[in-house]
Amino acid sequence: MSGKYRTGEKNKKKSDSIVSESETTPEILQIKNENKGGSKIAVFFITALAVLICSMVVITLDRRNRVYSEITSANTQLATLEAENVRIRSELDAKVSLKNVEDYAENVLHMKKIDNSQIEYIKIQNSDIISVPEKEDSIFAKAGSFIDKCLEYLKG
C-alpha cells in the first residue's frame, strides 16, 4: 500500500497570530490499489513457467548423469577387454614359439628331428631361365612374308 502525506492546514483561531507547531498535524491519506484480476493469472503463469524450467533443468542433468555413467561403464569394459587381449596374445605367442612346436611334434605326434644323413639335395637345371616357344605362323602369313622378301630382293 502506498500512502501520501500532506501537511494539514493551520488551525486558524480568531487571530492570525503566531501558531504553534503542535497545532499543525499531518493529514495522512491512504490510497488503496485496486486489485487487478490479471495480476493473479500472471503470477500463476510465471510460477508455472519457473517450475517448468526447473523441471527441464533437472531432467537434463539426469540424462547427462546417465550418459556419463554409460561412458564410464564402457571405458571400464574397454580396459577389461584390452587386458584380456594382451593376455590372449601373450598366450598365443607362447604356444606358437619354436620350442613349443618342437615339443608338440616330438611328444604328441611322435616325430623326430632329421639327421644330416637324411637330407638329400636336388639340383634343378635352368631354374632361373624361362623359355617361351615362338609362335608358328599360319600358311597365309608365311606366303605373305615370302612375297614381301621377293619384292625387296627385286627392288634391290
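Just so we're clear, the structure is a prediction, and the values are computed from it rather than from any experiment.

Each value, and the rule that gives it
- Residues numbered from 1 in each chain as written.
- Predicted model: local features only at pLDDT ≥ 70, side-chain atom pairs only at ≥ 80, totals over all residues.
- Heavy atoms only, no water.
- Helix = DSSP H or I, 4+ residues; strand = E, 2+ residues; numbered from the N terminus.
- Buried < 20%, exposed > 50% of the residue type's maximum accessible area, 1.4 Å probe, protein only.
- Areas by Shrake-Rupley, 256 points an atom, 1.4 Å probe, with all protein chains shown as cover.
- Expected span 1.5 Å × (residues − 1).
- Patch = residues over 30% accessible without salt bridge, like charges linked within 9 Å, V, L, I, M, F, W, Y side chains within 5 Å.
- Salt bridge = Lys/Arg side-chain N within 4 Å of Asp/Glu carboxyl O.
- pLDDT = per-residue confidence, 0-100.
- Contact = heavy atoms within 4.5 Å.

Draft legend 1. How the structure looks around the overall build of the chain. The helix and strand inventory of the chain stands at 3 helices and 2 strands. In sequence order, the secondary structure elements of the chain are arranged as β-β-α-α-α. Counting the 156 residues in the chain, one finds 1% classified as buried. A total of about 16,200 Å² of accessible surface is found on the chain, and carbon and sulfur atoms cover 59% of it.

Draft legend 2. Examining helix 3 (residues 139-155) more closely. Between its first and last C-alpha, helix 3 extends 25 Å over 17 residues, near the 24 Å set by a 1.5 Å rise per residue. Of the residues flanking the end of helix 3, it is Gly156, one or two places downstream, whose phi is positive at about 95°.

Draft legend 3. Molecular detail of a nonpolar patch on the surface. On the surface, a nonpolar cluster with roughly 550 Å² of combined accessible area is contributed by Leu49, Leu52, Ile53, Met56, Val57 and Leu61. In this fold, Leu52 is placed in helix 1 (residues 37-96). With a relative accessible area of 48%, Leu52 lands in the partly exposed category.

Draft legend 4. Quick peek at the pattern of salt bridges. Within this structure, the stated rule accounts for 5 salt bridges. In this structure, Arg87 and Glu91 form a salt bridge, with 3.0 Å as the shortest nitrogen-oxygen distance. Here the residue Arg87 and the residue Glu91 both occupy positions in helix 1, the gap between them amounting to 4 residues, near one helical turn. Judged by relative accessible area, which is 37%, Glu91 ranks as partly exposed. Among the charged side chains, a salt-bridge network with shared partners connects Glu84, Arg87, Glu91 and Lys95.

Draft legend 5. How the structure looks around the confidence of the model for the chain. Considering every residue of the chain, the mean pLDDT works out to 80; 78% of them sit at 70 or more. By mean pLDDT, strand 1 (residues 2-7) is the weakest element of the chain at 48, and helix 1 is the strongest at 93. Counting contacts from residues 5-17, a segment whose pLDDT is below 50, to residues more than four positions away or on other chains yields 12 contacts.

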